[in-house]
Amino acid sequence: SQQGEEDPQALSIQEGENATMNCSYKTSINNLQWYRQNSGRGLVHLILIRSNEREKHSGRLRVTLDTSKKSSSLLITASRAADTASYFCATTRSASGSARQLTFGSGTQLTVLP
Amino acid sequence: EAGVAQSPRYKIIEKRQSVAFWCNPISGHATLYWYQQILGQGPKLLIQFQNNGVVDDSQLPKDRFSAERLKGVDSTLKIQPAKLEDSAVYLCASIPWGGGTDTQYFGPGTRLTVL
């Protein structure tokens, strides 16, 4: 089963507005990442926030993490039409090997209207 | 640096046929993952390799799916026989040796349609 659940499932905004997506998860995590997926393409990593961090910024992206509520949010400021994509949160849990695994949420489809 | 390569990009087959997907990870990336992404859902891990060994295949439907990474570089994922519910995008991802980072690099995926 998928670890994360994203809210909303779909979001439509005007260019220049801010977009906020939320992610909830069920178990303890090492870190949480956000990925973007353009239609028909693979996933691209956006930002990673560790379990001991509360907020992180990267360009127009702002991610928050509340481990007590098991939730995270992704804010995209001053959105552009090129931001139209699906956004997924992914949590990391330890695996038996040396590399960890990602468990993805169900995604938010963001549409930015010009 | 070249990204993760996958082929074919699209494949249409009839149910009960077999199909194979190929992935070439980023050079030097020892860990390779195969995911299945059904339309409208997030990717689901099928199998994880470390070099040419399997780390985790607990979510791979082994009655019909198989995967190998013989020389620790490129990998193939096979479905035999395919079912309608196997229609999905199959994604390959990789990370450098030893982890140290949880950021995965994804290929463009293979979109499989089973009729």
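Everything quoted here is computed from the prediction, not taken from an experiment.

### A word on the overall build of chain B
Then comes step 1: The number of helices and strands found in chain B is zero helices and eleven strands.
Then comes step 2: Along the chain direction, N to C, the helices and strands of chain B fall in the order β-β-β-β-β-β-β-β-β-β-β.
Then comes step 3: What you see for chain B is a C-alpha radius of gyration of 13 Å, in line with the 13 Å of a compact globule of 115 residues.
Then comes step 4: Its C-alpha atoms give chain B principal-axis dimensions of roughly 40 × 25 × 25 Å.
Then comes step 5: Within chain B, the fraction of its 115 residues that count as buried is 48%.
Then comes step 6: If you take every contact in chain B between residues at least 6 apart in sequence, the share linking residues at least 24 apart comes to 53%.

### Let's talk about the interface of chain A and chain B
Then comes step 1: Across the contact, 25 residues belong to chain A and 25 residues belong to chain B.
Then comes step 2: Linking chain A to chain B there are zero salt bridges.
Then comes step 3: The interface formed by chain A and chain B contains eight residue pairs in polar contact (both at pLDDT 80 or more).
Then comes step 4: Mapped by element, the contributors of at least two residues to the side of chain A that touches chain B are strand S4 (31–37), strand S5 (43–50), strand S9 (85–93) and strand S10 (101–104) of chain A.
Then comes step 5: Take the side of chain A that touches chain B: its biggest share by element is four residues, from S4 of chain A.
Then comes step 6: Residues of the side of chain A that touches chain B, tallied by class, amount to eight nonpolar, 14 polar and three charged.

### Points about the sheet that holds strand S7 (residues 61–66) of chain A
Sheet strands line up and pair through hydrogen bonds in the backbone, either parallel or antiparallel.
Residue and element names in this part refer to chain A.
Then comes step 1: Pairing within the open sheet is antiparallel, and its five strands lie in the order S1-S3-S8-S7-S6. Each end of this open sheet is capped by a strand with a single partner; those strands are strand S1 (5–7) and strand S6 (55–58). Taking the axes of each pair of neighbouring strands and ignoring which way they run, one obtains an average angle of 15 degrees across the sheet.

### A closer look at unusual backbone geometry
Glycine aside, residues mostly have negative phi angles, and peptide bonds mostly take the trans form.
Then comes step 1: Here the bond from serine 7 of chain B into proline 8 of chain B is cis, since omega is -10 degrees, no more than 30 degrees from zero.
Then comes step 2: By the secondary structure assignment, proline 8 of chain B is in the loop between strand S1 (5–7) and strand S2 (10–13).
Then comes step 3: Here the residue pair glutamine 80 of chain B and proline 81 of chain B is connected by a cis peptide bond, since its omega of -5 degrees sits within 30 degrees of zero.
Then comes step 4: Looking at the element boundaries, proline 81 of chain B is found in the loop between strand S8 (75–79) and strand S9 (88–95).
Then comes step 5: Positive phi is not limited to glycine here, since lysine 70 of chain A has a value of about 50 degrees.
Then comes step 6: For lysine 70 of chain A, the position within the fold is in the loop between S7 and strand S8 (71–76).
Then comes step 7: Unusually for a residue other than glycine, alanine 78 of chain A sits at a positive phi of about 45 degrees.
Then comes step 8: Within the secondary structure, alanine 78 of chain A sits in the loop between S8 and S9.

### Some words on the pairing of strand S5 (residues 44–50) of chain B
Residue and element names in this part refer to chain B.
Then comes step 1: Counting buried residues along S5, six of its seven residues qualify, which places the element largely inside the surrounding structure.
Then comes step 2: Across six bridges, strand S4 (residues 31–37) lies against S5 in antiparallel orientation. The residue bridging leucine 32 from the neighbouring strand is phenylalanine 49, located in S5.
Then comes step 3: Taking the residues that link successive antiparallel strands as the turn, the S4-S5 hairpin has six residues, and the phi of glycine 40 there is positive, at about 85 degrees.
Then comes step 4: In this sheet, strand S6 (residues 53–56) lies alongside S5 in antiparallel orientation, the contact comprising three bridges. In the strand pairing of S6, glutamine 50 is matched with glycine 53.
Then comes step 5: Joining the antiparallel neighbours S5 and S6 is a turn of two residues, in which asparagine 51 adopts a positive phi near 55 degrees.

### Observations concerning the state of the cysteines
Then comes step 1: Counting across every chain of the model gives two disulfides over all chains.
Then comes step 2: Linked covalently through their sulfurs, cysteine 23 of chain A and cysteine 89 of chain A form a disulfide whose S-S length is 2.0 Å. Taking the sign of the S-S torsion, 65 degrees for the link of cysteine 23 of chain A and cysteine 89 of chain A, the bridge is right-handed. One end of the pair, cysteine 23 of chain A, is in strand S3 (residues 19–24); the other, cysteine 89 of chain A, is in strand S9, and 66 residues separate them in sequence. Cysteine 89 of chain A carries the same exposure label as cysteine 23 of chain A, and that label is buried.
Then comes step 3: Linked covalently through their sulfurs, cysteine 23 of chain B and cysteine 92 of chain B form a disulfide whose S-S length is 1.9 Å. With the S-S dihedral at roughly -65 degrees, the linkage between cysteine 23 of chain B and cysteine 92 of chain B falls on the left-handed side. You can see cysteine 23 of chain B sitting in strand S3 (residues 19–24) and its partner cysteine 92 of chain B sitting in strand S9, a full 69 residues away along the chain.
Then comes step 4: With a relative accessible area of 0%, cysteine 92 of chain B lands in the buried category.

Scoring rules and cut-offs
Residues numbered from 1 in each chain as written. Chains lettered and ligands numbered in written order. Predicted model: local features only at pLDDT ≥ 70, side-chain atom pairs only at ≥ 80, totals over all residues. Heavy atoms only, no water. Helix = DSSP H or I, 4+ residues; strand = E, 2+ residues; numbered from the N terminus. Rg over C-alpha atoms; globule rule 2.2 N^0.38 Å. Buried < 20%, exposed > 50% of the residue type's maximum accessible area, 1.4 Å probe, protein only. Contact = heavy atoms within 4.5 Å. Salt bridge = Lys/Arg side-chain N within 4 Å of Asp/Glu carboxyl O. Polar contact = N/O pair within 3.5 Å; in protein donor to acceptor, adjacent residues only side chain to side chain. Nonpolar A, V, L, I, M, F, W, Y, C, P; charged D, E, K, R; others polar. Pairing = 2+ DSSP bridges. Axes fitted to C-alpha atoms, helices over the stretch in contact; angles between N-to-C directions. Disulfide = S-S within 2.5 Å.

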